[in-house]
Amino acid sequence: MKQTLYLAWRYLAFHRLKTFILLTSITLILYLPVGLRVLVNQSSQQLTRRADATPLVVGSKGSPLELVLNTLYFRSDFPEPMRYSEAQKVRDSGLARIVPMYVRYHSRGHPIVGTSVDYFDRRELAVQTGRLFTFVGECVLGARVAEALGVHVGDAVISSPENLFDLAGEYPLKMTIVGILAQADSPDDDAIFVDIKTTWIIEGIGHGHQDVADGEAAGAVLSRDGNRVVANASIVKYNEITEDNLDEFHFHGDLSDYPITAVVAFPPDQKSSALLQGRYENADERAQIARPSEVMAELLDTILTIESFVLAGAVIVGIATLASASLVFMLSLRLRRREMETLFKIGGSRANVGALMASEMVFVLVTGIVLAAGLTFLTSQFGAALVRALIRM
Amino acid sequence: MKAQRPPELMSSPAIRIQDLSFGYGEGDFELRIGKLEVGRASSAAFIGPSGSGKTTLLHLIAGITLPQSGKIETNGVELTGLSENARRAFRIKNIGLVFQEFELLEYLTVLDNVLLPYRINAALELTEAVRERAANVAVEVGIGDKLSRYPSQLSQGERQRVAVCRAVVTEPAVLMADEPTGNLDPRNKGRVLDILFDYVETSGTTLLTVTHDHDLLDRFERIVDFKELLS
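Residues numbered from 1 in each chain as written. Chains lettered and ligands numbered in written order. Predicted model: local features only at pLDDT ≥ 70, side-chain atom pairs only at ≥ 80, totals over all residues. Heavy atoms only, no water.

Student: Describe in detail the sheet that holds strand β2 (residues 30-38) of chain B, supporting the description with residues and values.
Tutor: Where strands meet in a sheet, backbone hydrogen bonds hold them as pairs that are either parallel or antiparallel. Residues and elements named next belong to chain B. The sheet built from four strands is open, its strands ordered β2-β1-β4-β5 with antiparallel pairing. Taken across any chain shown, the strands that pair with only one partner, and hence form the sheet edges, are β2 and β5 (77-78). Of the pairings in the sheet, the one linking strand β1 (residues 15-23) to strand β4 (residues 69-74) comprises five bridges and is antiparallel in character. When the sheet's bridge partners are listed, R16 is paired in β4 with E73. Lying over the sheet, helix α1 (residues 54-62) contacts β1, β2 and β4, oriented at roughly 120 degrees with respect to β1. (Pairing = 2+ DSSP bridges. Helix = DSSP H or I, 4+ residues; strand = E, 2+ residues; numbered from the N terminus. Contact = heavy atoms within 4.5 Å. Axes fitted to C-alpha atoms, helices over the stretch in contact; angles between N-to-C directions.)

Printed below as a string of structure tokens:
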């Protein structure tokens, strides 16, 4: 048998291109359905785990999927914002604890998540170095952001302007890093967390500038009417919040009118959850309430439907490939009839000659199975990271 | 390339055929031989027109096929009464075959081609001594420096020498060559024949050769003309 395997190996090694093509085809055909299944399972787990940990999300009426993707994964287009009063309304109902979210801005491609410190408790996020934000202008980085940007506590990140042509607002804000989170293997690793007021400062509706009562700035004052002061553009606006200028930052108007993208609600029990959802059933209601687990389940249903189509396609292609491989093998046998006759004439038994031919096929099949199993193992090991990377993209 | 033969066998002819009759299932070809003997350590050339049964006779003598009737005794063994497996075992130990088209395996090196009988037959053990013998035989026929090459990298003459090495590496009692020089130029023809006859002379092997080349006949001890044999 050893000699038969040696001859089979020599044949396959000599015809390496043919062997490679056969091996690749068989490996892929075996791997694709299984690997896809593993990947979809891991995607499902990744998506549902976070959704299951987020009971309810309130946001402006529109696509629930967009709302959930933005709130949970900091992805999708910026959803229609709603007023901060919506958060106060949920909180005041006493039916849930809330975490406000404003996910609109970015810094070097990483989402800036405006929220409250309750978010970290709710997501069970631990600080690896430093502390959580206390003041506006401070930020806490997800582990992968810090690694990608090569920054540490005490460094700073600058928000990216959303619209280069908007000269009236959205000036880049330099934010001091006060903490870096431990890796959580979730979208939180890729986010920059700030107090929700910081995002309003990025938006330009909260700002800090020279004190108009200050001697240097006094020349910029155009008019005074009680508390209302109008100054010209020579007044210096701060693009960084420091201990020295912290008191100069302020918000105009009513905070309850300020924008947020979502409110994550954590009802204490089923009854509170049901009551809260009931409050948003009114057709006149301008906000919607979504259950992330249901929204993601719908999305997964769609993915699974697509997966079943892909699997069916893979099976058909697999059958065609195996048929082609069998045909190639049978044609090869015909072409090798003289070789088989020679082997028989010099003393090889028909069983030996048959075993030689079969060994070649078995060798390719077994190697293909081993490679496919190896790829499946790698997928099961690194698929989660791949899924996370795909979710980040 | 010397091989020792049992003394008790040396008294009988290497090939003894009596009242042989063979025909294929279809067609009107029929081979009938009343009596044919070829002595040991001798050389015989089978000549005759194409389709007269020369190659078929070699196959019958080698035990590859069986006649419908008659007796074939090769190296003292009556083949017609043996099973296919027994004939195969006999062939492995007693017969060396050289083909007109060389029939080398393109995916094996020269050395692996020479050792092929040991790789395809479980009855033959591939030992270090066998490897050494194969290398020595290759050196003797002038291809010792080409052991790691593939057949496609050799000339026609070199390929036939590889085929000869493969046939003699098992030290057969009977060496059969079917048109061994049919695909060779005159210089290589002479070289291959020299190798075959040198082997016969030094090993005491019986050489049976099918040939159409009448220029070579004077080198054989015996000429078997199928026109006369079958008449």
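Anyway, onward from the coordinates.
Student: Which residues make up empty space enclosed by the protein, and what are the values?
Tutor: Per the stated rule, a full pass over the model turns up two cavities of 30 Å³ or more. A volume near 110 Å³ is recorded for the largest cavity. Around the largest cavity, the lining comprises 13 residues; the ones closest to its centre are I346 of chain A together with I95, G96, P117 and T170 of chain B. Counting residues per element, the lining of the largest cavity draws most heavily on strand β6 (residues 95-98) of chain B, which supplies three residues. Looking at the lining of the largest cavity, its residues break down into seven nonpolar, three polar and three charged. (1 Å grid on protein atoms, 1.4 Å probe; cavity = no way out; pocket = protein on both sides within 12 Å on 5 of 7 lines; lining within 4 Å. Points joined across faces, edges and corners; volume = space filled by probe spheres on them. Nonpolar A, V, L, I, M, F, W, Y, C, P; charged D, E, K, R; others polar.)

Student: Outline unusual backbone geometry, supporting the account with residue identities and numerical values.
Tutor: Residue and element names in this part refer to chain B. Although it is not a glycine, N75 sits at a positive phi angle of roughly 50 degrees. Among the secondary structure elements, N75 is positioned in the loop between β4 and β5. The residue F102 is not glycine, and still its phi comes out positive at about 65 degrees. Inspection of the secondary structure assignment puts F102 in the loop between β6 and α3 (110-114). For F102, a relative accessible area of 5% gives the class buried. (Buried < 20%, exposed > 50% of the residue type's maximum accessible area, 1.4 Å probe, protein only.)

Student: Explain the domain arrangement of chain A residue by residue, including any values.
Tutor: As assigned here, chain A comprises domain 1 (2-47 + 299-392) and domain 2 (57-205 + 252-290). Each of domain 1 of chain A and domain 2 of chain A was reduced to a C-alpha centroid, and the two centroids are 48 Å apart. (Domains from an automatic or database assignment.)

Student: Give a description of the environment of Y118 of chain B that names residues and reports values.
Tutor: As for its position among the elements, Y118 of chain B is in helix α4 (residues 116-120). Its relative accessible area of 6% is what places Y118 of chain B among the buried residues. Sequence-wise, Y118 of chain B and I92 of chain B are 26 residues apart; in three dimensions their C-alpha atoms are separated by 9.2 Å. Residues within four places of Y118 of chain B in sequence aside, it is in contact with Q3 of chain A together with L124, E125, L126, V130, R133, V169 and T170 of chain B. Of the polar contacts made by the side chain of Y118 of chain B, one reaches the side chain of R133 of chain B; its length is 2.6 Å. Only 3.4 Å separates the side chain of Y118 of chain B from the backbone oxygen of V169 of chain B, close enough to count as a polar contact. (Polar contact = N/O pair within 3.5 Å; in protein donor to acceptor, adjacent residues only side chain to side chain.)

Student: Can you lay out the interface of chain A and chain B for me, pointing to particular residues and giving the numbers?
Tutor: Quoted interface sizes are often the accessible area lost when the parts come together. Counting from both sides, the interface comprises 22 residues of chain A and, opposite them, 25 residues of chain B. Counting each side, the surface lost to burial between chain A and chain B is near 2,200 Å², with a carbon and sulfur contribution of 60%. Between chain A and chain B we count two salt bridges in total. Between the two partners, chain A and chain B, sit twelve residue pairs in polar contact (both at pLDDT 80 or more). Mapped by element, the contributors of at least two residues to the side of chain A that touches chain B are α1 (2-14), α10 (337-345) and α11 (350-392) of chain A. Element by element, the count of residues in the side of chain A that touches chain B is highest for α1 of chain A, at seven residues. Looking at side-chain class alone, the side of chain A that touches chain B contains eight nonpolar, eight polar and six charged residues. (Buried area = accessible area lost by both parts, 1.4 Å probe. Salt bridge = Lys/Arg side-chain N within 4 Å of Asp/Glu carboxyl O.)

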